[in-house]
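Close look at the chain arrangement
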Amino acid sequence: MSQNLPRAATATVAAKALKPALMAGGLIAIAAALPLVTNGAAQTELTNTLAQGGLRGQSLFLLLATFLTAIGLPRQIPAFAAGYAFGPVYGSAIALVSQVLACSLDFIWARAIGQSFIRRRFGDRLARIDRALAAHPFITTLTLRLMPVGNNLLLNLVAGLTSVRLLPFLAASALGFVPQTVVFALFGKGSLPSHTHLLLIGGGMFAASALLGIFIFRRARPTA
């Protein structure tokens with residue numbers, strides 16, 4: 001019976017991994033339909049709008065993506081939009097910066113505003129989470145970020161409520177953000193008719209990152 005529990009948990013993780021896959025499919029479908037609706041002008045118009053005033057448009061995109069991610073927007077959506085507008089390389093970079101900034105804002109807000117209150121109300125529960133994160137903050141955070149499931153905002157806030165130091169948490173988060181950020185930036189650019197080969201590259205990377213996350217999850221769980 002106990003041997004079936006890890007398998008059941010792995011199956012649950014695999015099923016939940018379909019959520020970002022469905023999100024990717026929906027975003028690709030929307031982006032692919034835009035040229036049909038706008039006679040191919042959608043990406044040109046978006047790029048021109050963001051490029052107005054040199055770095056001004058890109059800075060506005062960064063600020064908006066940071067704010068929306070900090071309040072709970074799935075981080076894959078700005079990555080997709082950045083890839084669509086700026087290409088996979090620069091799009092990945094600007095999306096990754098926005099994700100790290102959003103992560104730090106959530107962490108600092110939770111630590112400054114909510115830590116003392118939550119510790120008074122949920123001291124025992126928070127202590128267990130604290131021990132799990134604080135023992136190996138970098139590896140634990142990286143493992144959670146690489147898994148194809150989870151809530152980005154929730155992890156940011158929970159980490160801020162614990163005694164985990166900011167820099168290891170941010171470093172592990174940044175590294176863990178990379179796979180899906182690059183994948184969704186590739187999807188964004190690949191949704192254009194002239195770059196469909198990027199969809200294949202992104203799809204392969206997405207499958208690899210999902211398998212890596214499931215593998216890490218299985219290694220991290222007790223076998224009995």
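Structure first, text after, so check above.
This report concerns the structure included in the present document. (Residues numbered from 1 in each chain as written. Predicted model: local features only at pLDDT ≥ 70, side-chain atom pairs only at ≥ 80, totals over all residues. Heavy atoms only, no water.)

Digging into the overall build of the protein chain
- Within the protein chain, the regular secondary structure consists of 11 helices and zero strands.
- Ordering the α and β elements of the protein chain from the N terminus gives α-α-α-α-α-α-α-α-α-α-α.
- Relative to its full complement of 224 residues, the protein chain shows a buried share of 42%.
- Taking the intrachain contacts of the protein chain between residues at least 6 apart in sequence as the baseline, contacts between residues at least 24 apart amount to 79%. (Helix = DSSP H or I, 4+ residues; strand = E, 2+ residues; numbered from the N terminus. Buried < 20%, exposed > 50% of the residue type's maximum accessible area, 1.4 Å probe, protein only. Contact = heavy atoms within 4.5 Å.)

Structural notes on the packing of aromatic side chains
- This structure, assessed with the given rule, holds four aromatic pairs.
- An aromatic cluster is present here, built from Phe61, Phe86 and Tyr90 joined pairwise through their rings. (Phe/Tyr/Trp six-rings, centres within 6.5 Å; stacked < 30°, edge-to-face > 60°.)

Focus: the side chain of threonine 162
- Along the chain, threonine 162 falls in the loop between helix H9 (152-161) and helix H10 (166-190).
- For threonine 162, a relative accessible area of 0% gives the class buried.
- Among the polar contacts listed, one links the side chain of threonine 162 to the backbone oxygen of alanine 159, at a separation of 2.8 Å.
- For threonine 162, the side chain forms a polar contact with the main-chain nitrogen of valine 164, separated by 3.3 Å. (Polar contact = N/O pair within 3.5 Å; in protein donor to acceptor, adjacent residues only side chain to side chain.)

Comments concerning helix H5 (residues 76-86)
- For H5, the tally of buried residues reaches nine of 11 residues, placing the bulk of the element in the interior.
- Residues of H5 that are buried include every one of Gln76, Pro78, Ala79, Phe80, Ala82, Gly83, Tyr84, Ala85 and Phe86, and no others.
- Trailing H5 by a residue or two, glycine 87 shows a phi angle of about 95 degrees, which is positive.

Some thoughts on the packing of helix H8 (residues 137-146) against H10
- With their axes 8 Å apart at the nearest point, H8 and H10 run at an angle of 25 degrees to one another. One element, H8, and the other, H10, form an angle in the roughly parallel class. In this structure, H8 crosses over H10, and the sense of that crossing is right-handed. Across the interface between the two elements, Pro137, Phe138, Thr141, Leu142, Arg145 and Leu146 of H8 pack against Pro168, Phe169, Ala171, Ala172, Ser173, Leu175, Gly176, Phe177 and Pro179 of H10.
- By residue class, the composition of the contact of H8 with H10 is 11 nonpolar, three polar and one charged. (Axes fitted to C-alpha atoms, helices over the stretch in contact; angles between N-to-C directions. Parallel < 35°, antiparallel > 145°, perpendicular 65-115°, else oblique. Left-handed = near helix turned anticlockwise from the far one by under 90°. Nonpolar A, V, L, I, M, F, W, Y, C, P; charged D, E, K, R; others polar.)

Focus: the environment of alanine 81
- Residue placement: alanine 81 occurs in helix H5.
- The class for alanine 81 is partly exposed, based on a relative accessible area of 26%.
- The spatial distance from the C-alpha of alanine 81 to the C-alpha of phenylalanine 187 is 9.3 Å, given a sequence separation of 106 residues.

As for the packing of H5 against H10
- One can describe the packing of H5 onto H10 by two numbers: an axis separation of 6 Å at closest approach and a directional angle of 45 degrees. Compared by their axis directions, H5 and H10 come out oblique. In the packing of H5 onto H10, the handedness of the crossing is right-handed. For the pair formed by H5 and H10, the contact residues are Gln76, Ala79, Phe80, Gly83 and Tyr84 on the first element and Gln180, Thr181, Phe184, Ala185, Phe187, Gly188 and Lys189 on the second.
- For the contact of H5 with H10, the residue count by class is six nonpolar, five polar and one charged.

Overview of a nonpolar patch on the surface
- There is a patch of nonpolar side chains on the surface, built from Leu64, Phe67 and Ile71 and spanning about 320 Å² of accessible area.
- Residue position: leucine 64 is located in helix H4 (residues 55-70). (Patch = residues over 30% accessible without salt bridge, like charges linked within 9 Å, V, L, I, M, F, W, Y side chains within 5 Å. Areas by Shrake-Rupley, 256 points an atom, 1.4 Å probe, with all protein chains shown as cover. Salt bridge = Lys/Arg side-chain N within 4 Å of Asp/Glu carboxyl O.)

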